[in-house]
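Structure assessment
Okay, here's what each chain looks like letter by letter:
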Amino acid sequence: MSEVTQPRAAAAAPGPDTGDPRRPWRAGPLLTTFADAGVLTSADVRVAERLGDLTGEDDPTVHLAAALAVRAVRAGSVCVDLADAPSLVAEGSPDDPDAPLPAGTLPWPDTAAWTAAVRGSGMVADGVDGPADRPVRWVDGRVYLDRYWRDEQVVRRDVDARLTSLLDVDDDALRRAVHARFPRAQDARQRVAAATAAVSRLTVLTGGPGTGKTTTVARLVAVLRDVAGPGLRIALAAPTGKAATRLQEAVNAELARLDDAAVGGTVAAPGAARPLTASTIHRLLGWRPSSTRFAHDHAHRLPHDVVVLDEASMVSLPLLARVLDALRPDARLVLVGDPDQLASVEVGAVLGDLVARPTRSGPLPARLAALLPDDVPGTATSADDTRDAAALHGGVVRLVVTHRFGHELAELADAVRRGDADATLALLRAGGAHASLVEPAAEVPTEDEVPGLRGDVSATGARLVAAARAGDTAGALEALGVHRLLLAHRRGPAGVARWAALAQRWVEKTVGDLQPGPLSLGRPLLVTVNDRTTGLSNGDIGVLVSDGAGGVVAAFGESHAPRLVRPHRLPAVETVHAMTVHRAQGSQFTFVTVLLPPASSPLLTRELLYTAVTRAQEHVRVVGSAEAVRRAVERPVRRASGLRFAR
Ligand SMILES: Nc1ncnc2c1ncn2[C@@H]1O[C@H](COP(=O)(O)OP(=O)(O)OP(=O)(O)O)[C@@H](O)[C@H]1O
């Protein structure tokens with residue numbers, strides 16, 4: 001924190017209108033300085049000064065705090081910690097990772113004087129009990145736009161209320177059901193998760209890829225039907241249409257498997273009642289295009305007894321607040337996800353916050369210990385177990401047995417998750433069947449430095465084209481899942497645009513007679529909007545194949561049950577030889593190449609690398625300097641939020 005007590009008013013008198021749309025018009029000197037340095041946008045400044053006008057506040061340092069709270073939201077944070085603001089700003093622009101960092105020292109107000117001005121302002125509600133009609137709120141050094149403060153309070157209060165008392169379930173029946181659905185010794189954590197969902201109104205089910213989260217959801221539905229009856233109203237939902245479809249298919253397949261296993265056995269057939277349908281969270285809540293409110297809220301609650309939200313790492317704070325608002329207080333909420341993955345593109349990292357919250361003592365651990373004494377974490381001595389035992393107070397159950405992943409990949413993902421850069425680099429450099437590192441001479445590799453990548457892209461592209469031309473829809477859809485190039489940036493030397501174009505050239509050279517144009521057979525497609533007419537969702541991946549009668553059709557979905565769409569009915573699509581790591585969330589590929597940006601990129605974070613590594617089923621190739629790898633592992637995303645604090 002700089003020692004400048006008074007803003008350097010003279011440092012930047014508002015200059016003439018330069019025509020630069022990023023430059024705020026007629027703003028005061030302090031905010032203009034921050035805007036000129038690229039820290040604030042003109043929109044941030046406009047909002048802050050408008051709030052000043054409305055509340056009769058003309059102190060520029062208070063305007064600066066409000067403008068930083070607006071900026072924080074753009075960066076995905078719920079609030080801004082004033083003492084932390086200078087270091088956050090040094091991490092770069094939230095909207096434009098290619099923008100240069102602010103040059104020189106900025107006239108940061110002295111923290112103590114700044115805090116006093118903010119707390120005493122008529123624009124600001126001071127503390128948890130401050131007036132409810134102010135647009136900005138200060139709590140323990142954090143400054144919020146009031147709407148996000150209220151959302152945070154909804155989540156905090158509802159979550160705490162859900163954890164203070166337990167539901168009435170017969171212990172013997174529950175124990176029997178849980179053991180019947182999860183019979184093996186290694187299913188201990190899954191048993192704990194199912195028991196938690198039965199007795200607690202909040203379960204936070206976490207785990208890395210392939211740890212059995214979706215399987216657990218299906219079997220915990222079976223357990224709930226066993227103990228509460230088949231008439232239980234259950235909703236499955238996910239942030240995206242694609243994730244909802246996958247959830248529905250996987251849960252119903254597992255329930256059908258349990259049905260088959262139940263024939264002639266002692267447990268009921270859980271799915272026989274009716275298959276479950278999954279929807280997007282917006283749809284569940286009754287999203288209306290013409291309204292800012294959902295059909296379901298505290299006045300019109302959802303009818304469900306159980307609501308399961310999958311891919312909860314992608315759920316924003318405001319959306320979770322709306323879900324909690326709409327949920328009956330006695331209904332069970334099960335949040336499922338991997339908190340180490342990239343968070344929502346909107347505000348908050350609410351799953352991560354719920355996992356990292358300081359634990360308040362609740363009745364759940366004792367009840368679970370009585371129900372499943374051999375299964376609850378805490379008896380072992382590892383630090384992870386101790387943490388997992390404490391997390392049970394918050395309804396958090398972490399699955400730890402990897403069922404699908406290659407052993408070395410799981411080890412690599414774990415090293416990244418733990419923030420151990422040396423171990424990550426050692427595992428990558430050791431190479432082998434599951435991981436490899438290509439270290440370019442400069443920050444961004446040349447084409448010649450990545451022959452392996454070129455080979456994989458070309459081979460996958462050629463396989464796609466061959467299957468597509470032969471009208472082999474299943475073969476083409478399988479080829480889509482073989483190799484994928486992932487990047488952090490959309491633009492620039494290490495961006496999707498450049499590398500997707502290169503990939504296209506490589507495929508063209510390999511195939512030789514690739515037909516040009518948008519209807520090229522074997523063209524891999526990424527849907528970029530939700531489309532009700534075709535049922536396609538933003539993020540769905542498909543491929544153009546021959547229909548066997550001289551025409552072209554786009555194929556999406558699983559190879560055993562493809563969805564076919566005529567090209568003229570397709571919504572907006574892109575060619576997808578390469579995609580951002582964000583886009584790849586929720587998908588997996590046999591082989592993944594992740595091309596890291598330069599070490600200076602603000603997008604290079606632990607969550608980015610973890611998400612990229614965990615997209616691979618068999619092999620991940622990391623292309624990037626050792627410095628970039630180290631930087632990524634050592635830099636967890638910082639999203640400011642009050643949920644991680646006691647109040
Ligand atoms: N208790 C179990 N015993 C044996 N196999 C299991 C068990 N639980 C899950 N599996 C298997 O492990 C694999 C991964 O499970 P699942 O898809 O449920 O994991 P996940 O955590 O949801 O993965 P992802 O996050 O990648 O979707 C599946 O093949 C599943 O059948």
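These numbers come from a predicted model, not from an experiment. The numbering scheme is per chain: residues are counted from 1 as the chain's sequence reads. Since the coordinates come from a predicted model, pLDDT governs what is reported: local features require at least 70, and pairs of side-chain atoms require 80 or more to be given and counted, while whole-chain, interface and lining totals use all residues.

1. Re the nonpolar core
What we call a nonpolar core is a set of buried Ala, Val, Leu, Ile, Met, Phe, Trp, Tyr and Cys residues whose membership is set by joining through C-beta atoms within 7 Å. Residues with at least 20 other C-beta atoms within 10 Å of their own are called buried, those with 12 or fewer are called exposed, and the rest are partly exposed. The C-beta atoms themselves are positioned from the backbone. Counting residues in hydrophobic clusters, the biggest one holds 192 residues, and the most contacted among them are Ala69, Val143 and Leu309. It is helix α3 (residues 60–74) that provides the largest number of residues to this core, a total of 10 residues. Numbering of helices and strands runs from the N terminus; a helix is a DSSP stretch of H or I covering at least four residues, while a strand is a stretch of E covering at least two.

2. Considerations on the UniProt feature "binding site: ATP" (unreviewed entry) in the protein
UniProt positions are given in the numbering used here, feature names are shortened, and annotations may be inferred rather than shown by experiment. Residues annotated in UniProt with the feature "binding site: ATP" (unreviewed entry) correspond here to Gly207, Gly208, Pro209, Gly210, Thr211, Gly212, Lys213 and Thr214. As for its position among the elements, Gly207 is in the loop between β5 (202–206) and α9 (213–228). On the basis of neighbour counts, which here come to 23 C-beta atoms within 10 Å, the residue Gly207 falls in the buried class. Here, residues touch in the contact sense if the C-beta positions derived from the backbone fall within 7 Å of one another. If near-sequence neighbours (up to four positions away) are discounted, Gly207 is found in contact with Lys213, Asp338, Arg398, Leu399 and Val400. Along the chain, Lys213 turns up in helix α9. Here Lys213 falls in the buried class, since 22 other C-beta atoms lie within 10 Å of it. Residues within four places of Lys213 in sequence aside, it is in contact with Leu205, Gly207, Val336 and Leu399.

3. Some thoughts on the pairing of strand β15 (residues 552–556)
In terms of burial, β15 is largely enclosed, as four of its five residues are buried. Paired strands, as defined in this entry, are two strands with at least two bridges between them according to DSSP. By the bridge criterion, five bridges tie strand β14 (residues 541–546) to β15 in an arrangement that is antiparallel. Opposite Ser546, over in β15, you have Val552 as the bridge partner. Linking two consecutive strands that pair antiparallel, namely β14 and β15, is a turn of five residues; a positive phi of about 85° is found at Gly548 within it. When β15 meets strand β16 (residues 563–565), the two strands line up antiparallel, connected through three bridges. Bridged to Ala555 within β16 is Leu564. Between β15 and β16, which pair antiparallel and follow one another directly, the connecting turn spans six residues, one of which, Gly557, has a positive phi of 90°.

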